[in-house]
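Here are the chains, one letter per residue:
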Amino acid sequence: MYWDEKHETMRQAELEALQLRRLRETLTRVQNVEFYRDLLEREGVRAEEIRTLEDVRRLPFTKKQDLRSGYPFGFFAVPMRDVVRIHTTSGTTGKPTVVGYTRGDLDNWSGLIARNMTMVGLTADDVFQNAVNMGMFTGGLGFHYGAEKIGMTVLPAGTGNTKRQVEMIDDFGVTAIHCTPSYAMHLAEVAEEMGSDLASLKCGIFGAEAWSDATRSELQDRLGVTAYDSYGLSELYGPGVAFECPEQDGLHIWHDSYLVEIIDPVTGEPLGPGERGELVVTPLVKEAMPLLRYRTGDITMLYEDDCPCGRTMRIARFSGRVDDMLIIRGINVFPSQIEHVLMAMPEVGDQFMVYVDRGERHLDEMTIEVEIKRRFFSGELADLARLQERIVRALREALELRTHVRLVEPGSLPRFEGKSKRVIDRRGTL
Ligand code: DLL
């Protein structure tokens, strides 16, 4: 099922012509932003020189720090009276990144989300619970207007009050839910405690943070849904950049609206299909805040082949962020690798926390607290010791690193309503 069949299945030549036209329009729009006027002049790049899609590589990158330096409205390319909405990122340090939208942007954005939800079979007959923060976070209003565009019955539930969320699913016959994968785990736990099997639910849309295939299996089993991965970032409108189809094998990125490159994060050189690197995106239809070659910091790769669903471009599920990478005694560790190992073990519960400390002799030490499922936790001490040793071994194989593992009681680690914060690095500044 298509929302916008023409754009979703465009063949190469036609697509490239559209991308190039839109890239050139974007180059005109960025001329209204002082930062870009100066940058392009400094780099000696003139818009007229961009004649093919490959020429995009002649343009400079835009980084998150650049956007911060323009706080609050320095990257707006239209007068404020044309900006009809503002969202911000949840920056944990310093000022957030500010994103502006024109009326045209809001229409484009909700159209992209409508594509996603139509792709997985949702229609005006569905009842949709939107269980993410409805405020400055783009996930809330982004999905709200996309779902309304399709004509779904929308519950702007927000986060928190999880028992009430479970009751709403049951009482209102909710068929589709949107939340972060960490909140979905918590919702499953509360529904089980309440004795609800969430019978009406069939579709789960989870995103805003990385989650593994093992977590997907668990969520599908416990919530009784088909779980789809949803990717986006505020700087590129928000959610709606890439989304899984019923094949659940890679995410479709809407390439009529986003020009995609994968680069080596260190050298900035382009990487080909099948090679993992940093996703760089030039949005092609953004009006209020056009960007050139935005470095997302997210790690993925292009698929080589088309999808059996008929849609073209696909990228792999995300394996982490360039800046999430922990360097422990010289070894690169992504939190997603830890999640992958833990979620594959049947005794392990839903939650874990990672602590990194500078230990004796200035060596980095990684300690992982792991919740164990109740039926295993009450077992013999010797069994627990064996389980702990097994986890240490599995982690050592995956990470090539010896870690400390502490098994903890079910329910004792923090739960997250929005994005999870599972890594606490206590080494101080390096
Ligand atoms: O998280 C937008 C969003 C809302 C996406 C709801 C999906 C669903 P930001 O708060 O700006 O925007 O955070 C963007 O979150 O650069 C990734 O690092 C991470 N992220 C988002 N979706 C995924 C995903 C929203 N599916 C940052 N897998 C991005 C892995 C994700 N990481």
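Every residue gets a number counted from 1 within its own chain, in the order that chain's sequence is written. Per-residue local features of the predicted model are confined to residues with pLDDT of at least 70, and side-chain atom pairs are confined, for both listing and counting, to 80 or more; whole-chain, interface and lining totals are unaffected and use all residues. The side-chain numbers reported here are obtained from all heavy atoms of the structure, hydrogens and water having been left aside.

Trainee: Got a minute to help me understand the overall build of the protein chain in this structure?
Mentor: Helix numbering and strand numbering both begin at the N terminus, where a helix is a DSSP run of H or I of at least 4 residues and a strand a DSSP run of E of at least 2. Helix and strand content of the protein chain: 12 helices and 20 strands. For the protein chain, the C-alpha radius of gyration of 22 Å lies close to 22 Å, the compact-globule estimate for 430 residues. In terms of principal-axis extent, the alpha carbons of the protein chain reach across some 75 × 60 × 40 Å. Each residue gets one of three labels from its accessible area relative to the maximum for its type: buried under 20%, exposed over 50%, partly exposed in between, using a 1.4 Å probe on protein chains only. In the protein chain, buried positions account for 54% of the 430 residues. Working rule for contacts: check all heavy atoms of both residues, and any pair within 4.5 Å makes them a contact. The contacts in the protein chain between residues at least 6 apart in sequence include a share of 66% that link residues at least 24 apart. Surface accessibility in these figures is a Shrake-Rupley result with a 1.4 Å probe; residues are shielded only by whichever protein chains are displayed. On the protein chain, roughly 18,900 Å² of surface is accessible, and the fraction owed to carbon and sulfur atoms is 49%. Put simply, the radius of gyration uses C-alpha atoms, and a globule should come to 2.2 Å times the residue count raised to 0.38.

Trainee: How do you make sense of the sheet that holds strand E8 (residues 238–244) when you look at a structure like this?
Mentor: What holds strands together in a sheet is hydrogen bonding between their backbones, with the strands either parallel or antiparallel. Any two strands are treated as partners once DSSP identifies two or more bridges connecting them. Across the sheet, which stays open at both edges, the 8 strands sit in the order E4-E3-E5-E6-E7-E8-E9-E13 with mixed pairing between neighbours. The strands lining the two open edges of the sheet, one partner per strand, are strand E4 (153–155) and strand E13 (314–315). Sheet analysis places strand E3 (residues 127–130) next to strand E5 (residues 176–179), joined by 3 bridges and oriented parallel. Paired with asparagine 130 across the bridge in E5 is histidine 178. Helix-sheet contacts for helix H6 (residues 138–150) involve E3, E4, E5, strand E6 (203–207), strand E7 (226–233) and E8, and the interaxial angle to E3 is about 170°. Note on geometry: axes are C-alpha line fits, over the in-contact stretch for helices, and angles between N-to-C directions span 0 to 180 degrees. Set on the sheet, helix H9 (residues 213–223) makes contact with E6, E7 and E8; between it and E7 the angle comes to about 125°.

Trainee: Please clarify how the layout of surface pockets should be interpreted in this entry.
Mentor: Empty space among the atoms becomes apparent when a probe as large as a water molecule is rolled across them. A cavity here means a set of 1 Å grid points, computed over protein atoms only, where a 1.4 Å probe fits but cannot escape. A pocket is an open set with protein on both sides within 12 Å along at least 5 of 7 lines, and lining residues have an atom within 4 Å of a point. Grid points are joined across faces, edges and corners, and a volume is the space filled by probe spheres set on the points. Looking at the second largest pocket, its volume works out to about 660 Å³. As for the second largest pocket, its lining consists of 26 residues, of which Gln12, Glu16, Val260, Leu302 and Met313 are closest to the centre. Secondary-structure elements contributing two or more residues to the lining of the second largest pocket are helix H2 (12–30) and strand E10 (258–263). Each residue gets one of three labels, nonpolar for Ala, Val, Leu, Ile, Met, Phe, Trp, Tyr, Cys and Pro, charged for Asp, Glu, Lys and Arg, and polar for the others, Gly among them. Its residues placed into classes, the lining of the second largest pocket shows 13 nonpolar, 4 polar and 9 charged.

Trainee: Please clarify how the site of the ligand should be interpreted in this entry.
Mentor: For this description, a residue counts as near a given molecule or strand if any of its non-hydrogen atoms is within 4 Å of it. The local shell around the ligand holds 19 residues, among which Asp229, Ser230, Ser234, Asp298 and Lys419 are the closest. N or O atoms closer than or at 3.5 Å make up a polar contact, with two conditions inside protein: a donor-capable atom paired with an acceptor-capable one, and, for residues adjacent in sequence, both atoms drawn from side chains. Between a nitrogen atom of the ligand and a main-chain N or O atom of alanine 210, the distance comes to 3.5 Å. Here the ligand, which alone exposes 610 Å², has 92% of that area covered by the protein. Elements that contribute at least two residues to the shell around the ligand include exactly H6 and E7. Along the lines of polarity and charge, the residues of the shell around the ligand split into 7 nonpolar, 7 polar and 5 charged.

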